[in-house]
Amino acid sequence: MAVFNQKSVLDMIKEFRKNWRALCNSERTTLCGADSMLLALQLSMAENNKQHSGEFTVSLSDVLLTWKYLLHEKLNLPVENMDVTDHYEDVRKIYDDFLKNSNMLDLIDVYQKCGALTSNCENYNTIPPGNFQCGEKVDRKIYP
């Protein structure tokens, strides 16, 4: 089952790379895997802490808690009764700005953009959103 899910995600990325002109602004967009998404989130949270408390640090438990909430929120999964760190909205803005300024897309953005393609990505709408909670390393540049 895990091999099937990984193959589905990789097929989605291949389709995205074929149709990048319709889905993003630049051919030099970097696709982030789960590890890069976590790193970007950690840096965003540390930056937020620096702005509010003066220290550029964040605990791993806070990163993982925020990671879980971020995934649920971006995938439109239920978030009620979930704990969230202080200043989550600020962290989310810093995270989104970081991706935009770095010309990066995370896997969830690719999933959503690929889902917007009606004919080419119909098969990828069957990928359960839960597959993005743990991921393989997928950092790649998009080149025609």
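Each chain has its residues counted from 1, following the order in which its sequence is written. Confidence filtering applies because this is a predicted model: local features only for residues at pLDDT of at least 70, side-chain atom pairs given and counted only at 80 or more, and all residues used for totals across whole chains, interfaces and linings. Values reported for side chains reflect all heavy atoms of the structure, with hydrogen atoms and water molecules removed beforehand.

By the naming in an unreviewed UniProt entry, the protein chain is PCNA-interacting partner, taken from Gorilla gorilla gorilla. UniProt positions are given in the numbering used here, feature names are shortened, and annotations may be inferred rather than shown by experiment. Recorded in UniProt under Sequence similarities (unreviewed entry), the annotation for the protein chain is "Belongs to the PARI family."

Student: Talk me through the pattern of salt bridges; I want residue IDs and the actual numbers.
Tutor: We define a salt bridge as a contact between a side-chain nitrogen of Lys or Arg and a carboxyl oxygen of Asp or Glu at a distance within 4 Å. Summed over the entire model, instances satisfying the criterion amount to five salt bridges. Salt-bridge contacts for Asp-96 lead to Arg-92; the nearest nitrogen and oxygen are separated by 3.0 Å. Of this pair, Asp-96 and Arg-92 both sit in helix α5 (residues 88-101), four residues apart, which is roughly one turn of that helix. Through salt bridges with shared partners, one network takes in Glu-73, Arg-92 and Asp-96. Each helix is a run of DSSP H or I of at least 4 residues and each strand a run of E of at least 2, with the numbering of both proceeding from the N terminus.

Student: With reference to specific residues and values, describe the side chain of Asn-48.
Tutor: Within the fold, Asn-48 resides in helix α3 (residues 34-53). A relative accessible area of 2% places Asn-48 in the buried class. Ignoring any residue separated from it by four or fewer positions in sequence, one finds Asn-48 in contact with Asp-86, His-87, Asp-90, Val-91 and Ile-94. Think of it in three bands: with a 1.4 Å probe and only protein chains considered, a residue is buried below 20% of the maximum accessible area for its type, exposed above 50%, and partly exposed in between. What makes two residues a contact is simply this: any of their non-hydrogen atoms within 4.5 Å.

Student: Please set out α3 residue by residue, giving values where relevant.
Tutor: The end-to-end C-alpha separation of α3 is 28 Å, in line with the 28 Å expected for 20 residues at 1.5 Å each. Taken together, the buried positions of α3 are Ala-34, Ser-36, Met-37, Ala-40, Leu-41, Ser-44, Met-45, Ala-46 and Asn-48. Where α3 terminates, the next one or two residues include Gly-54, which has phi positive at roughly 90°. Multiplying 1.5 Å by the helix residue count minus one yields the expected span of that helix.

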